[in-house]
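Residue-level structural notes
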Amino acid sequence: MKLVIGNKRYSSWSLRPWLVLTHFGIEFDEQLIRLDEPETKAEILAVSPSGRVPCLIDGGISVWETLAIIEYVAEIHPQLAIWPRDRAARATARAISNEMHAGFMGLRSACPMNLRRRFAWRERGEAAAKDVARIVELWRDARSRFGEDGPFLFGAFSAADAMYAPVVYRLDGYSWPLPPDIAAYVEAMLEEPAMRAWRAGAETEPWIVPSDEVPE
Ligand SMILES: N[C@@H](CCC(=O)N[C@@H](CS)C(=O)NCC(=O)O)C(=O)O
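Residues numbered from 1 in each chain as written. Predicted model: local features only at pLDDT ≥ 70, side-chain atom pairs only at ≥ 80, totals over all residues.

Quick word on the nonpolar core
Among the nonpolar cores identified, the biggest contains 55 residues, and L19, V20, F154, A159, A160 and A165 are the most heavily contacted of them. With 10 residues, helix α7 (residues 159–173) is the largest single contributor of residues to this core. Lining this core are residues from two domains, each supplying at least three of them: domain 1 (2–80) and domain 2 (87–198). Setting aside residues no more than four positions away along its own chain, A159 makes contact with V20, I70, A74, I82, W83, A93 and S97. (Core = buried A, V, L, I, M, F, W, Y, C linked by C-beta atoms within 7 Å. Buried ≥ 20, exposed ≤ 12 C-beta atoms within 10 Å, placed from the backbone. Helix = DSSP H or I, 4+ residues; strand = E, 2+ residues; numbered from the N terminus. Domains from an automatic or database assignment. Contact = placed C-beta atoms within 7 Å.)

Right, dumping it as structure tokens:
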């Protein structure tokens with residue numbers, strides 16, 4: 001199985017399935033295509049019909065779109081609790097994962113994921129603040145209803161945590177002021193070994209993508 005990804009420094013979509021595979025100890029090869037280079041589009045299109053990464057190649061099967069990849073991996077590894085085992089928890093995990101996939105453009109555009117930069121706190125606009133308020137609300141709801149057995153949204157690490165992992169890096173990197181319960185979740189995520197491994201990979205990348213860089 002091969003996962004095609006973009007730069008670890010910037011590619012928030014690539015991070016999500018990579019975390020699922022890595023956290024759950026699933027063996028895979030990684031192919032990194034550098035984003036924003038003259039040959040990027042052609043290289044991605046050679047493996048991913050959407051022209052975007054991530055894309056998972058499993059023999060003759062090609063799966064693009066982050067949530068489709070995570071669902072595929074969960075389906076072929078039913079022994080792993082990639083989604084929570086409890087039905088109500090699983091339904092909520094899927095709902096918030098879809099909410100992430102489809103939204104939060106305010107936060108995503110004001111605070112691009114950038115693992116090589118750290119910004120002092122400043123307001124990042126109304127749309128981003130509104131998104132963070134909603135994210136705090138849904139994280140609290142998951143933690144209070146389903147999180148009693150561990151530090152993650154549904155207790156043990158699941159696909160839902162992977163879907164919100166780039167938000168965790170953003171809240172940390174943009175020094176977002178957080179209430180203690182949310183700061184504790186962010187800390188648990190930052191310490192999670194697969195999250196640390198992704199960051200370590202990003203730290204070795206010298207490439208800059210100007211469109212993903214924001215001013216101080
Ligand atoms: N909806 C897609 C979004 C994927 C996406 O936007 N990927 C970006 C990198 S994070 C990409 O491939 N950019 C390269 C390009 O558009 O040329 C998913 O969930 O996988």
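More follows now that the structure is in view.
As for the domain arrangement of the protein chain
The domain architecture assigned to the protein chain consists of domain 1 (2–80) and domain 2 (87–198). Look at where the C-alpha atoms of domain 1 and domain 2 centre, and you get two points 21 Å apart. Contact with domain 1, which involves 15 residues of that partner, is made by 17 residues of domain 2. Among the elements that take part in the side of domain 1 that touches domain 2, helix α1 (residues 12–23) stands out by supplying eight residues, more than any other.

Quick look at the site of the ligand
The full set close to the ligand counts 13 residues, and S11, W13, R52, V53 and T66 are the nearest of them. Counting residues per element, the ones that place at least two in the shell around the ligand are α1 and α2 (40–45). Counting residues per element, the shell around the ligand draws most heavily on α1, at three residues. Across the shell around the ligand, the residue classes break down as four nonpolar, six polar and three charged. (Near = placed C-beta within 6 Å. Nonpolar A, V, L, I, M, F, W, Y, C, P; charged D, E, K, R; others polar.)

Quick look at helix α3 (residues 66–76)
Given 3.6 residues per helical turn, the α-helix brings residues three or four places apart onto the same face. Of all the positions in α3, only T66, I69, I70 and V73 are classed as buried. The arc that holds the buried residues of α3, viewed along the axis, is 95°, so those residues lie on one side. The elements touched by buried residues of α3 are α1, β3 (55–58), β4 (61–64), α4 (87–102) and α7. (Arc of directions from axis to C-beta.)

Looking at the environment of I70
Relative to the helices and strands, I70 resides in helix α3. The spatial distance from the C-alpha of I70 to the C-alpha of W139 is 20 Å, given a sequence separation of 69 residues. Ignoring sequence-local partners within four residues, the contact set of I70 consists of R16, P17, V20, I82 and A159.

Let's talk about the sheet that holds strand β1 (residues 2–5)
The strand order β2-β1-β3-β4 describes an open sheet built from four strands, whose pairing is mixed. Single-partner strands in this sheet number two, and they are β2 (29–32) and β4. If you compare each strand with its neighbour and ignore which way they point, the axes differ by 20° on average. Here α1 sits on the sheet in contact with β1 and β3, set at roughly 150° to β1. Helix-sheet contacts for α3 involve β3 and β4, and the interaxial angle to β4 is about 130°. (Pairing = 2+ DSSP bridges. Axes fitted to C-alpha atoms, helices over the stretch in contact; angles between N-to-C directions.)

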